[in-house]
Amino acid sequence: MGSPKKPSRRSQEWFGREGKQGFYYRSWLKSLGLPHEMFDGRPVIGICNTWSELTPCNASFRELAEHVKRGVYEAGGFPLEFPVMSLGETQVRPTAMLWRNLASMDVEESIRANPLDGVVLLMGCDKTTPSLLMGAASVDLPTIGLSGGASLSGNWRGCPVGSGTGVIQMSEMVRAGELSQRDFVEAEASMQRSKGSCMTMGTASTMASMVEALGMSLPENAAIPAVDARRFRLAHLTGRRIVEMVKEDLRMSRILTRDAFENAIKTNATIGGSTNAVIHLLALAGRIGVPLSLDDWDRLGSRLPCLVNLKPSGEYLMEDFYYAGGLPAVLREISEHLALDALTANGRTLGENIADAPCWNRDVIRPLAEPFKPEAGIAVLHGNLAPNGAVIKPSAASPQLLQHRGRAVVFENIEELKARIDDEALDIDETCVMVLKNCGPRGYPGMAEVGNMPLPPKLLKRGITDIIRISDARMSGTAYGTVVLHVSPEAAAGGTLALVRNGDFIELDVPNRRLHLDVPEEELAQRRAEWKAPASPARGWTKLYVDHVQQAHLGADLDILVGGSGDEVGRDSH
Ligand code: FES
């Protein structure tokens, strides 16, 4: 007698069982009102939902999940929706990034532990996209992404207001005395006018674009507005498609290849995408086993132009982007730079998906020959101030500051910055370089989005709107300025950043990719000997995080989460 035949589907390790075990696995689910045929071996599809009232950007996801279910049923599958940790970028403190890796563990273990054959990931607000992709990648089942879409364009008194970007602009106007506090509060309700994620090319829209460029979703995923009926149609089609993907055994690892990541990096440049994508894609590559380095971002993307005229660096908003043709139109425009034979979730190649993609508005999506901004990707800097690298988005920076030597004005932490920045006596002018320490993965902890430090009012009142800012923090995708981020190693890990003092001179040379602290090596060695590492947190998740988080140039994943555990079925629970 040979060994018993392995069930054709993973879910049959639960539902295809006889005796007591099969009774357990099926009986409690039948309490949902399910007929016995649902357990007959059809693909069981998990719908991984990040709906939460504390994540208002994902508030449409209950409805979205219902449309996914329609598609799954229609294709002969069995959908089961489940919640995972949802991180509302604007609500959680100290920063949503502190829990991206924890949420990814929730996703990974929820998928691994349950009778699932395939997964649909419902993603929207900034960290909900990388956490779901990372967790699912460590399991590597057939998986498809579905983004929630951006909210309707913000509008206040007839003027467009972009998510995040509008807040930053208006708060600087208040600090400069150009806008009243009363008008500022009134503007709050004019920005996020519907359910959906930020409608600038911030991190959420960037990551939705990365999902599509990686091939992890159906075409058009990035830009359809959250409340547009076509978003719900896409959900329906996504539900249909995942059932086919299970039958084809089309796993994430067949889609997330080196070519796919290279396509995504190039796409990020041409959409003027967020610097946060650097960290998230490095972490995702680590989960799926694709070698990817920080320098790949510079090598592959930094010389490409930005074609998309969207806030924060441009004029328009995500709704305009969709009506202009969305991401397929951009991908078609840059097709000569892409690996067109990369496989995507619909079973077709990227090249096949974008071959006929139309563009309806050349002011929103510019042609490659007449770009919105030349050389717009992310530049990676090295030097004694960032031995493992730092990033800057030149398209969001002031051209005259890209080569500059200035005096450092140092803030040891975010509290010191907040306490001193409005002080008229602060010794700073537009030639200075603001330096913020202890905001990296370990230092904050969680690597907060505070790298685009507010400018001193004394400079704002003189019409100065940008000076060089350097930190180990991240920056919101909706922010802008000459901002050097992700300095690695961070200050709290004993990086050179920890040693910078007021009055030191710093050289930023973006064309030559250099970030240099102009202090003699002997002096730095002396300061290093005097430096004391911060104490580790006492307990709980923060301790686990600080003890295991990797530096920014590696994607800030936990060292114990790199790689995957696969979809192996565990022992019976009873
Ligand atoms: Fe949720 Fe921007 S705050 S998408």
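Residues numbered from 1 in each chain as written. Predicted model: local features only at pLDDT ≥ 70, side-chain atom pairs only at ≥ 80, totals over all residues. Heavy atoms only, no water.

(A) Structural detail: the sheet that holds strand S1 (residues 44-49). Within the open sheet, the 4 strands sit side by side as S2-S1-S3-S4. Their pairing is parallel. Since the sheet does not close on itself, it has two edges, and those belong to strand S2 (78-83) and strand S4 (143-147), each with one partner. The sheet shows a mean angle of 20 degrees between the axes of neighbouring strands, direction not considered. Sheet analysis places strand S3 (residues 118-123) next to S4, joined by 5 bridges and oriented parallel. By the bridge assignment for S4, Val120 is matched with Ile144. (Pairing = 2+ DSSP bridges. Helix = DSSP H or I, 4+ residues; strand = E, 2+ residues; numbered from the N terminus. Axes fitted to C-alpha atoms, helices over the stretch in contact; angles between N-to-C directions.)

(B) Expanded view of a nonpolar patch on the surface. A grouping of Phe23, Tyr24 and Trp28 is seen on the molecular surface, where their side chains present a nonpolar patch of about 380 Å² in accessible area. As for its placement among the helices and strands, Trp28 is situated in helix H2 (residues 19-30). (Patch = residues over 30% accessible without salt bridge, like charges linked within 9 Å, V, L, I, M, F, W, Y side chains within 5 Å. Areas by Shrake-Rupley, 256 points an atom, 1.4 Å probe, with all protein chains shown as cover. Salt bridge = Lys/Arg side-chain N within 4 Å of Asp/Glu carboxyl O.)

(C) Structural context of helix H3 (residues 61-74). With 14 residues, H3 ought to run about 20 Å at 1.5 Å a step, and its terminal C-alpha atoms sit 20 Å apart, in line with that. Within H3, the full set of buried residues consists of Phe61, Leu64, Ala65, His67, Val68, Lys69, Gly71 and Val72. Packed against the buried residues of H3 are S1, S2, S3, S4 and helix H9 (229-248). Of the residues flanking the end of H3, it is Gly76, one or two places downstream, whose phi is positive at about 90 degrees. (Expected span 1.5 Å × (residues − 1). Buried < 20%, exposed > 50% of the residue type's maximum accessible area, 1.4 Å probe, protein only. Contact = heavy atoms within 4.5 Å.)

(D) Representation of the pairing of strand S11 (residues 468-471) in the model. Side chains Ile468 and Ile470 of S11 all project onto a buried face; the interleaved residues Arg469 and Ser471 project onto the opposite face, where all are buried too. Inspection of the sheet shows strand S10 (residues 433-436) paired to S11 by 4 bridges, in the parallel sense. Paired with Met434 across the two strands is Arg469, which belongs to S11. Taken together, the 2 bridges between S11 and strand S12 (residues 483-488) define a ladder with parallel strand orientation. Bridge pairing in S12 links Ile470 to Val484.

(E) Highlighting the pattern of salt bridges. Under the counting rule described, the total for this entry stands at 36 salt bridges. Between Asp249 and Arg251 there is a salt bridge whose closest N-O contact spans 2.9 Å. Residue Asp249 is classed as partly exposed on the basis of its relative accessible area of 36%. The salt bridge partner of Lys437 is Glu412, with a shortest N-O separation of 3.0 Å. Remark: Glu412 occurs in the loop between strand S9 (403-411) and helix H17 (414-420) and Lys437 occurs in the loop between S10 and helix H18 (457-460); sequence separation between them is 25 residues. Classification of Lys437 as buried rests on a relative accessible area of 2%. Taken together, the shared-partner salt bridges in this structure form one network comprising Arg258, Glu262, Asp296 and Arg299.

(F) A look at the packing of aromatic side chains. This model, assessed by the stated rule, comprises 7 aromatic pairs. Here Trp14 and Tyr25 contribute two aromatic rings whose centre-to-centre distance is 6.5 Å and whose plane-to-plane angle is 70 degrees, an arrangement assigned as edge-to-face. Residue Trp14 is located in helix H1 (residues 12-15), and its partner Tyr25 is located in helix H2; the two are separated by 11 residues in the primary sequence. Overall, the relative accessible area of 9% leaves Trp14 in the buried class. With 6.0 Å between their ring centres and 55 degrees between their planes, Tyr322 and Tyr323 make a pair best called tilted. Owing to a relative accessible area of 11%, Tyr322 belongs among the buried residues under this scheme. (Phe/Tyr/Trp six-rings, centres within 6.5 Å; stacked < 30°, edge-to-face > 60°.)

(G) Broad picture of the state of the cysteines. Enumeration according to the criterion identifies 0 disulfides in this entry. Between Cys439, a free cysteine, and Cys432, which holds the nearest cysteine sulfur, the sulfur-to-sulfur gap is 19 Å. Here Cys439 falls in the buried class, since its relative accessible area comes to 0%. (Disulfide = S-S within 2.5 Å.)

(H) Structural detail: the pairing of S10. The side-chain alternation of S10 yields two buried faces, one formed by Val433 and Val435 and the other by Met434 and Leu436. As judged from the 4 bridges shared by S9 and S10, these two strands associate in the parallel manner. Looking at the pairing, Val410 lines up with Val435 of S10.

(I) How the structure looks around unusual backbone geometry. The omega torsion of the bond from Arg93 to Pro94 falls at 10 degrees, within 30 degrees of zero and hence cis. Looking at where Pro94 falls in the secondary structure, it is placed in the loop between S2 and helix H4 (100-113). Residues other than glycine seldom take positive phi values, yet His486 does so here, at roughly 60 degrees. Position of His486 relative to the elements: it lies in strand S12.

(J) Molecular detail of the environment of Phe321. With respect to the helices and strands, the residue Phe321 is situated in helix H14 (residues 318-323). It is 12 Å that separates the C-alpha atoms of Phe321 and Gly149, two residues lying 172 residues apart in sequence. Filtering out sequence-adjacent residues up to four positions away, Phe321 remains in contact with Met201, Ala223, Val308, Leu310, Gly326, Leu327, Val330, Val364 and Ile365.

(K) Molecular detail of the packing of helix H5 (residues 128-137) against helix H12 (residues 276-288). Running from amino to carboxyl end, H5 crosses H12 at an angle of 10 degrees, the nearest separation of the two axes being 8 Å. Classed by the angle they form, the pair H5 and H12 counts as roughly parallel. In this structure, H5 meets H12 at a crossing whose hand is left-handed. Residue-level contacts link Pro130, Leu133, Met134, Gly135 and Ala137 of H5 to His280, Ala283, Leu284, Arg287 and Ile288 of H12. A breakdown of the residues in the contact of H5 with H12 according to their chemical character gives 7 nonpolar, 2 polar and 1 charged. (Parallel < 35°, antiparallel > 145°, perpendicular 65-115°, else oblique. Left-handed = near helix turned anticlockwise from the far one by under 90°. Nonpolar A, V, L, I, M, F, W, Y, C, P; charged D, E, K, R; others polar.)

(L) Summary view of the nonpolar core. One finds Leu122, Phe261, Trp297 and Phe321 to be the most contacted residues of the largest nonpolar core, which totals 114 residues. Per-element accounting of this core gives the leading share, 8 residues, to H12. Counting 29 residues, the second-largest nonpolar core is a separate cluster that includes Leu401, Val484, Leu499 and Val500. (Core = buried A, V, L, I, M, F, W, Y, C linked by side-chain atoms within 4.5 Å.)

(M) View of the side chain of His553. Checked against the element boundaries, His553 lands in the segment after helix H20 (540-548). A distance of 2.8 Å separates polar atoms of two side chains, one belonging to His553 and the other to Ser488. Once residues within four sequence positions are removed from consideration, His553 is found in contact with Leu282, Leu294, Asn388 and Ser488. (Polar contact = N/O pair within 3.5 Å; in protein donor to acceptor, adjacent residues only side chain to side chain.)

(N) Just the packing of helix H11 (residues 258-270) against H12, in detail. Following both chains from N to C, one finds H11 and H12 inclined at 175 degrees, their axes separated by 12 Å at the closest point. As judged from the angle between their axes, H11 and H12 are roughly antiparallel. Within the contact between the two elements, H11 uses Phe261, Ala264 and Asn268 and H12 uses Ala277, Leu281, Leu284, Ala285 and Ile288. When the residues that make up the contact of H11 with H12 are grouped by side-chain class, the tally is 7 nonpolar, 1 polar and no charged.

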